[in-house]
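Inside the fold
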Amino acid sequence: MAAPTAPTGGQHPVPTRIRRQLPTSPWLFAAPGLLVTGAFVLYPFVSTLVNSLTDRRTLLPGHFVGLANFRELLHDDMFWTGLRNSTLYVVGVVPALVVLPLLLALLVQKNIPGITFFRSAFYTPVVASVVVVGLIWVWLLDERGLVNSLLETIGIGRVGFLSDQWLLLLSAMAVTVWKGLGYYMVIYLAALANVPRELHEAAAVDGAGPVRRFLSVTVPAVRSTMVLVAALSSVAAFKVFSEVYLMAGPSGGPAGEDTTLVMLVQRTGTGLTGRVGYASALSVVVFAVTVALMLLVLRADRGEEP
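What comes next concerns the included structure. Quick caveat, the model's predicted, so the values are computed rather than measured.

Basis of the calculations
- Residues numbered from 1 in each chain as written.
- Predicted model: local features only at pLDDT ≥ 70, side-chain atom pairs only at ≥ 80, totals over all residues.
- Heavy atoms only, no water.
- Patch = residues over 30% accessible without salt bridge, like charges linked within 9 Å, V, L, I, M, F, W, Y side chains within 5 Å.
- Areas by Shrake-Rupley, 256 points an atom, 1.4 Å probe, with all protein chains shown as cover.
- Salt bridge = Lys/Arg side-chain N within 4 Å of Asp/Glu carboxyl O.
- Helix = DSSP H or I, 4+ residues; strand = E, 2+ residues; numbered from the N terminus.
- Axes fitted to C-alpha atoms, helices over the stretch in contact; angles between N-to-C directions.
- Parallel < 35°, antiparallel > 145°, perpendicular 65-115°, else oblique.
- Left-handed = near helix turned anticlockwise from the far one by under 90°.
- Contact = heavy atoms within 4.5 Å.
- Nonpolar A, V, L, I, M, F, W, Y, C, P; charged D, E, K, R; others polar.
- Buried < 20%, exposed > 50% of the residue type's maximum accessible area, 1.4 Å probe, protein only.

Side note on a nonpolar patch on the surface
On the surface, F45, V46, L49, V50, F287, V291, L295 and L298 cluster together to form a nonpolar patch covering roughly 680 Å² of accessible area. At the level of secondary structure, the elements contributing two or more residues to the nonpolar patch comprise helix 1 (25–51) and helix 13 (276–304). Along the chain, the position of F287 falls in helix 13.

Structural notes on the packing of helix 5 (residues 130–141) against helix 7 (residues 165–192)
At a minimum axis separation of 11 Å, helix 5 and helix 7 run at an interaxial angle of 135°. Classified by the interaxial angle, the pair formed by helix 5 and helix 7 is oblique. The chirality of how helix 5 crosses helix 7 is right-handed. On helix 7, the residues that touch V130, V133, W137 and L141 of helix 5 are S171, V175, W178 and K179. A class-by-class count of the residues in the contact of helix 5 with helix 7 yields six nonpolar, one polar and one charged.

Thoughts on unusual backbone geometry
Of note in the backbone geometry, A255 takes a positive phi value of approximately 60° without being a glycine. With respect to the helices and strands, the residue A255 is situated in the loop between helix 11 (242–248) and helix 12 (261–269). A relative accessible area of 73% means that A255 is categorised as exposed.

Some remarks on the pattern of salt bridges
Enumeration according to the criterion identifies three salt bridges in this entry. Between R84 and E257 there is a salt bridge whose closest N-O contact spans 3.4 Å. With R84 in helix 3 (residues 77–108) and E257 in the loop between helix 11 and helix 12, the pair connects residues that are 173 residues apart, well separated along the chain. When its relative accessible area of 25% is taken as the criterion, E257 is described as partly exposed. Across the salt bridge formed by R158 and E152, the nearest N and O atoms sit 2.8 Å from each other. What makes R158 partly exposed here is its relative accessible area of 35%. Looking at E152, the relative accessible area reads 42%, which means it is partly exposed.

Dropping the structure here:
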């Protein structure tokens, strides 16, 4: 162990002694995060996989049944209904959440007086509670709500937004899009800030109009961000629960025809007689499909690369 160096030029001595780092030091710093991840992510994941292979119920430990729960899924009409509705939700929500926030970001990107107010207004639904948002829209779209009252006033008549199977699903999609616009708008604003202004100026010199500049400059520049938004919104849309649950009720709408897969998991696995094993099998399917959706989006992005 070397002694401290002598002071030079009136400066303080520079210590050369170096403490030996313990091999466990990095693990001590990572331990809190690892414990939280293990307790709230890894353990529930492994527990769900194990339970999916048993006939466990809420108050009973259950026995190993292998793939019986997954075979039962294939003959469960409610499973196919939930899979259909969750898939339709992805098809209806994702394109809107990829395109509309980008157009909104282009609108509020300009530094004009009062634009901060509009940015805050567009972002307000994001920070609002999904329960509060759902209840507000239920009151608006109810049979005696504000929207139907206006439609009746202008002579169109009342519309069963919350009583018709497909209108209810579309209404829930509209709420999801409305609530997610501000969130993805902020992501696009960050991406648009990195687009060189020279590209737009060069395109304008070549005679390109606003639409042409949008398609030839803006879209290619933020394509990776669009893929990210598509992946995030796909997973969120497939796992939708709150919007449909609040608007359709615990039963899942008329005859349960608006039930999604996550609603089916909640309905099957809760209560004193809940089938935890079967609900775990449903959860495994939801996990597998969401992973497949993300891989599909990423693969499509790679396929478009030159």
